[in-house]
Amino acid sequence: MKVTLRIVLSIFIAISLIVLLFTLFQVQQEKARLKAELEHRVSLLAESLEESVAPLVGQGNLDRLKSIVGKFSNRQRLEGVAIYDTKDNLIAATPDLAPMPPTIPTIVTDAMNANQAEGVFITIKDKRRYLYVLPINRDGNVAGALVIFNDATYIQERLFQIWKNNFVRLLVQAFFISLITMLVIRWSISGPIARLVEWMKGFREDKAIEPFHLPKGNIFEPLTKEITHMVRSIMVARSAAEEEARLRHTADSLWTAKRLTEHIRSLLKDKNLFVVSNREPYMHVRSGDQMECIIPASGLVTAVEPVLEACGGLWIAHGSGEADKEVVDQQDKIRVPPEEPLYTLKRVWLTTEEEEGYYFGFSNEGLWPLCHIAHTRPIFRRVDWNHYQTVNEKFARAVLEEIYATDEPLVLVQDYHFALLPRLIKEERPDARIALFWHIPWPNPESFGICPWQREILDGMLGADLIGFHIQLHCNNFLDTVDKALESRIDWEHFAVKRKDHTTYVKPFPISIAYPGDSNNLNLTRIKKGDIFKQLGIKSRLLGVGVDRLDYTKGILERLRAIERFLDKYPDYKGKFTFVELGAPSRTLIKRYQELVKEIEAEVERINARFQTGDWKPIILLKRHHSHKEIKPFYESADVCLVTSLHDGMNLVAKEYVAAREDEQGVLILSRFTGASRELRDALIVNPYNIEQMADALRTALEMDEEEQRARMQKMRESLRSNNIYRWAANLIEELTKIRIEY
Ligand code: ADQ
């Protein structure tokens, strides 16, 4: 049965029941009223008649009596009057009155015996009648009885009429209510459902579809919301599958520095690539009276530097090294890498106040904790925001100066320090192709909404033609945030934001490292594990390693506690396992970072005090910046590498460890909250908040047989080989050059 029919039928039954009950009630009331009225009327008539006939009854003046009662024939519903004597004999009656039925005297007798008027409804000859018997009193004695016959059929008729009227009314009401219900169902239910179905059909058939909207407050709103979410997830899955297919297709040939160079040359022709980041790839510092050139501990630098080495171009960054100014030319430029220059680094100078407000303040006390779910509160200060704006403008000027002579220049803006830069450049140079790569996670809209200047930041970012994140989840979070915070149109099919005639595409580009690396850099004299222990001045057998900037997002304290738990739980490893943390101090001017370093040092001291013996220590903290050359032997020798970030966009340390393991040995313990965990699925994936689980993973890692280590490492190295930094750059730049720019 069709739903509409079912609804209409239900309504009809409900109305019928209501009408039936009301009619019953009405009929009862009407019946009682009519009866009462009849009884009253008849009793009045009887009483007035009694006065006239009473004197005649005893006298036997029958003629007179008959003449009086004779006058009562066929008056409206009054059928007639009869008079009985005390012996129940009929002594006078209206002529037309039908012969008395035998029951009448009984009623008359009863009334006379009781000397009380009595009324009764009875059916005589198929006709409903009302009989009223009034004893006639004469001289205080009952002398006879007066009986009035009244037609009562009109009561039945009246009640029947009520039933009839109500039935007709019921039919009319039911008709109109059903009609209205059907219209309402069509307008409010079947209509929207049909449109929803059409829309979903369009989606299934892969036609371009607009987001589905119903008027606000519609009962389908929650359903539409859910379906829209579902469709969005399917789109994400579809795009991921397409991306995977595309990657599979292109993975046929490995991406190398050389291939990237040629590819970029064919894409850019003779144009330069412009990269902007806060952190510079080479930093000149003083070490005593010596000048040293170091590569800062930064994932961004690790990833982007090989791209510039391969493609050439200009890298604009903050000159933060104390000796930076001493080595640049008049335009603040220097060719790097120092030993074999391949591209140009242009340094932008910041005042101490600018660096404090823009870098330490807004970027690292505000945006960094805002984007990482690591339970450190972001701090937003007006003065920092002002510096952030000023510095973005300063960098915009530097970029604009450099791209002045280039048509449609390609600008790759790096990271959260420059959210406003894309808009600032685009306003001056609408022809510039601008990509912004966000190296850290993007939280959900509610978390990002904490930022008092979220709208300005989003608007600044949307000046870019392409925004890249490490994983699709961050893209989705970003699009959701824009959807909630700004007047714009989100195109979930193409993952784009349309705002003020400008489209920004938002895509995942999982960043990576240069792997396979440069064969010239092969470490031929491998430092062995034993040498490392010797250099550290301890005796141990198994080595664990952690390599991080000392940052609260990296889960270092959790890692230390897991090691403590491991030694408690598996005491056989006491004296045999040592964990070395290569921790580069980072953002040391920020209080939270100073506190973290103290906490880490205290924790290391506490745990060592609990377990250490003569020449063995469970944990060694090497708190300083290390060159990649210094880090490599640790990667190569460590039985296990611990990456336990509480939240991390990608995490390149995990990839560096895998890349370093040419012997296909060693186990990677990797936090599930890193972007890297989506690619390196053969690591032991852990929840860094679960200390027990991490302690057990450590044991599993140290007890894993060589074959399994090899199998896992091979798979991870394979994944790294096909998803290296050259592929990342090729994809990002190709995507950017493909976008149609209107200006
Ligand atoms: P980072 O937070 O800096 O990067 P990560 O990706 O792990 O984190 O890169 C750190 C880099 O610094 C690595 O190349 C590592 O070798 C180096 N490093 C670490 N400790 C060091 C030490 N003690 N001395 C010298 N070098 C050290 C940000 C995001 C990441 C994202 C990258 C790239 O937070 O999620 O993977 O950008 O996009």
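Nothing here was measured: the structure is a model prediction, and the numbers come from that model. (Residues numbered from 1 in each chain as written. Predicted model: local features only at pLDDT ≥ 70, side-chain atom pairs only at ≥ 80, totals over all residues. Heavy atoms only, no water.)

1. Comments concerning the site of the ligand
Phase 1: For the ligand, the set of nearby residues contains 29 residues, the closest of which are Thr302, His439, His626, Asp648 and Glu656.
Phase 2: Arg549 has a polar side-chain atom sitting 2.7 Å from an oxygen atom of the ligand.
Phase 3: The protein chains hide 97% of the 710 Å² of surface that the ligand would expose on its own.
Phase 4: Looking at the shell around the ligand, the elements with two or more residues in it are helix H7 (299-311), strand S18 (542-549), strand S19 (577-584), helix H18 (628-637) and helix H19 (652-660).
Phase 5: Its residues placed into classes, the shell around the ligand shows twelve nonpolar, eleven polar and six charged.
Phase 6: The two domains that each donate at least three residues to the shell around the ligand are domain 2 (257-284 + 291-508) and domain 3 (524-723). (Near = heavy atom within 4 Å. Polar contact = N/O pair within 3.5 Å; in protein donor to acceptor, adjacent residues only side chain to side chain. Areas by Shrake-Rupley, 256 points an atom, 1.4 Å probe, with all protein chains shown as cover. Helix = DSSP H or I, 4+ residues; strand = E, 2+ residues; numbered from the N terminus. Nonpolar A, V, L, I, M, F, W, Y, C, P; charged D, E, K, R; others polar. Domains from an automatic or database assignment.)

2. Digging into the nonpolar core
Phase 1: Membership of the largest hydrophobic core comes to 104 residues, with the highest contact counts inside it found for Trp438, Phe478 and Phe577.
Phase 2: Of the domains in this structure, domain 2 (257-284 + 291-508) and domain 3 (524-723) are the two that each give at least three residues to this core.
Phase 3: With residues up to four places along the chain from it excluded, the contact list for Trp438 reads Cys371, Asp415, Tyr416, Ala419, Met461, Gly468, Phe469 and His470. (Core = buried A, V, L, I, M, F, W, Y, C linked by side-chain atoms within 4.5 Å. Buried < 20%, exposed > 50% of the residue type's maximum accessible area, 1.4 Å probe, protein only. Contact = heavy atoms within 4.5 Å.)

3. Some words on the sheet that holds strand S21 (residues 640-643)
Phase 1: Taken together, the six strands give an open sheet; going across it, the order is S20-S19-S18-S21-S22-S23, and neighbouring strands pair in parallel fashion. The open sheet has two edge strands, strand S20 (619-623) and strand S23 (684-686), and neither has a second partner. Ignoring strand direction, the axes of neighbouring strands in this sheet form an average angle of 20 degrees.
Phase 2: Along the sheet, H18 makes contact with S18, S19 and S20, crossing S18 at roughly 140 degrees. (Pairing = 2+ DSSP bridges. Axes fitted to C-alpha atoms, helices over the stretch in contact; angles between N-to-C directions.)

4. Comments concerning the environment of Pro618
Phase 1: Note on placement: Pro618 falls in the loop between helix H17 (591-611) and S20.
Phase 2: Classification of Pro618 as buried rests on a relative accessible area of 0%.
Phase 3: Counting along the chain gives 55 residues from Pro618 to Ile563, while the straight-line C-alpha distance between them is 8.2 Å.
Phase 4: Once you skip the residues sitting within four places of it in the chain, Pro618 turns out to touch Leu567, Phe577, Thr578, Phe579, Ile607, Asn608, Phe611 and Gln612.

5. Re the packing of aromatic side chains
Phase 1: Applying the stated criterion across every chain yields a total of 28 aromatic pairs.
Phase 2: Their ring planes at 50 degrees and their centres at 4.5 Å tell us that Phe395 and Phe418 sit as a pair that is tilted. Separated by 23 residues along the polypeptide, Phe395 in helix H10 (residues 382-403) and Phe418 in the loop between strand S12 (410-414) and helix H11 (421-428) bring together distant segments of the chain. The pair Phe395 / Phe418 is uniform in exposure class, with both members buried.
Phase 3: When the ring of Phe673 is compared with that of Tyr689, the centres are 6.2 Å apart and the planes differ by 65 degrees; the resulting orientation is edge-to-face. Here Tyr689 lies in the loop between S23 and helix H20 (691-703) and Phe673 lies in the loop between strand S22 (667-671) and S23, a separation of 16 residues in the sequence.
Phase 4: Since its relative accessible area comes to 38%, Tyr689 is described here as partly exposed.
Phase 5: What links up through ring pairs into an aromatic cluster is the set Tyr358, Phe362, Phe380, Trp385, Tyr388, Phe395, Phe418 and Trp453.
Phase 6: Over the ring of Tyr154 we find Arg77; its NZ or CZ atom is 3.6 Å from the centre of that ring. (Phe/Tyr/Trp six-rings, centres within 6.5 Å; stacked < 30°, edge-to-face > 60°. Lys NZ or Arg CZ within 6 Å of the ring centre and 35° of its normal.)

6. Side note on the domain arrangement of the protein chain
Phase 1: Along its sequence, the protein chain is carved into domain 1 (30-157), domain 2 (257-284 + 291-508) and domain 3 (524-723).
Phase 2: Averaged C-alpha coordinates put domain 1 and domain 3 at centres separated by 118 Å.

7. Some thoughts on the sheet that holds strand S11 (residues 343-348)
Phase 1: As summarised here, the arrangement of the ten strands in space is S10-S11-S9-S6-S12-S13-S14-S17-S16-S15, forming an open sheet in which the pairing is mixed. The strands lining the two open edges of the sheet, one partner per strand, are strand S10 (333-336) and strand S15 (489-491). Taken pair by pair, the neighbouring strands of this sheet meet at an average axis angle of 20 degrees, ignoring direction.
Phase 2: Here S12 pairs with strand S13 (residues 433-437) via five bridges, running parallel.

8. With respect to the state of the cysteines
Working definition: the covalent bond between the sulfur atoms of two cysteines is a disulfide.
Phase 1: By the definition in use, this model includes zero disulfides.
Phase 2: The thiol sulfur of Cys371 is not disulfide-bonded, and the nearest other cysteine sulfur, from Cys451, lies at 8.9 Å.
Phase 3: Classification of Cys371 by relative accessible area gives buried; the value is 0%.
Phase 4: Unpaired in this structure, Cys475 has its nearest cysteine sulfur neighbour in Cys371, at a distance of 13 Å. (Disulfide = S-S within 2.5 Å.)

9. Structural notes on the pattern of salt bridges
Phase 1: Taken as a whole and assessed by the stated rule, the structure comprises 54 salt bridges.
Phase 2: The shortest N-O distance in the salt bridge between Glu601 and Lys623 comes to 3.0 Å. Residue Glu601 is found in helix H17, and its partner Lys623 is found in strand S20; the two are separated by 22 residues along the sequence.
Phase 3: Three or more residues joined by partner-sharing salt bridges are found here, namely Arg561, Glu564, Asp568, Glu603, Arg606 and Arg610. (Salt bridge = Lys/Arg side-chain N within 4 Å of Asp/Glu carboxyl O.)

10. Regarding the pairing of strand S6 (residues 273-277)
Phase 1: Summarising burial for S6: five of the five residues are buried, a large majority.
Phase 2: Every second residue of S6 is oriented toward a common face, with Leu273, Val275 and Ser277 on one face and Phe274 and Val276 on the other, all of them buried.
Phase 3: Strand direction decides the pairing type here: S6 and S12, joined by four bridges, are parallel. Within the sheet, the bridge partner assigned to Val275 lies in S12 and is Leu412.
Phase 4: The pairing of S6 with strand S9 (residues 314-318) spans four bridges and is parallel. Looking at S9, one finds that Ser277 is bridged to Ala317.

11. Focus on the pairing of strand S14 (residues 466-469)
Phase 1: Burial of S14 is two-sided: the residues Leu466 and Gly468 facing one way and the residues Ile467 and Phe469 facing the other way are all buried.
Phase 2: Alignment of S14 against strand S17 (residues 502-508), held across four bridges, turns out to be parallel. Pairing of Ile467 across the sheet is with Val506, part of S17.

12. With respect to the packing of helix H13 (residues 454-461) against helix H14 (residues 472-485)
Phase 1: Put simply, H13 and H14 touch, their axes get as near as 11 Å, and they point 120 degrees apart. By the criterion of interaxial angle, the relationship of H13 to H14 is oblique. When the axes of H13 and H14 are compared, the crossing they make is left-handed. Residue-level contacts link Gln454, Arg455, Leu458 and Met461 of H13 to Phe478, Thr481, Val482 and Ala485 of H14.
Phase 2: Residue classes in the contact of H13 with H14 are distributed as five nonpolar, two polar and one charged. (Parallel < 35°, antiparallel > 145°, perpendicular 65-115°, else oblique. Left-handed = near helix turned anticlockwise from the far one by under 90°.)

13. A few points about helix H6 (residues 257-268)
Phase 1: The terminal C-alpha atoms of H6, which comprises twelve residues, lie 16 Å apart, in line with the 16 Å expected from a rise of 1.5 Å per residue.
Phase 2: Of the residues making up H6, those classed as buried are Leu260, Thr261, His263, Ile264 and Leu268.
Phase 3: Taken together, the buried residues of H6 touch S6, H7, S12 and helix H22 (725-738).
Phase 4: With its phi angle positive at about 55 degrees, Lys269 sits one or two positions after the end of H6. (Expected span 1.5 Å × (residues − 1).)

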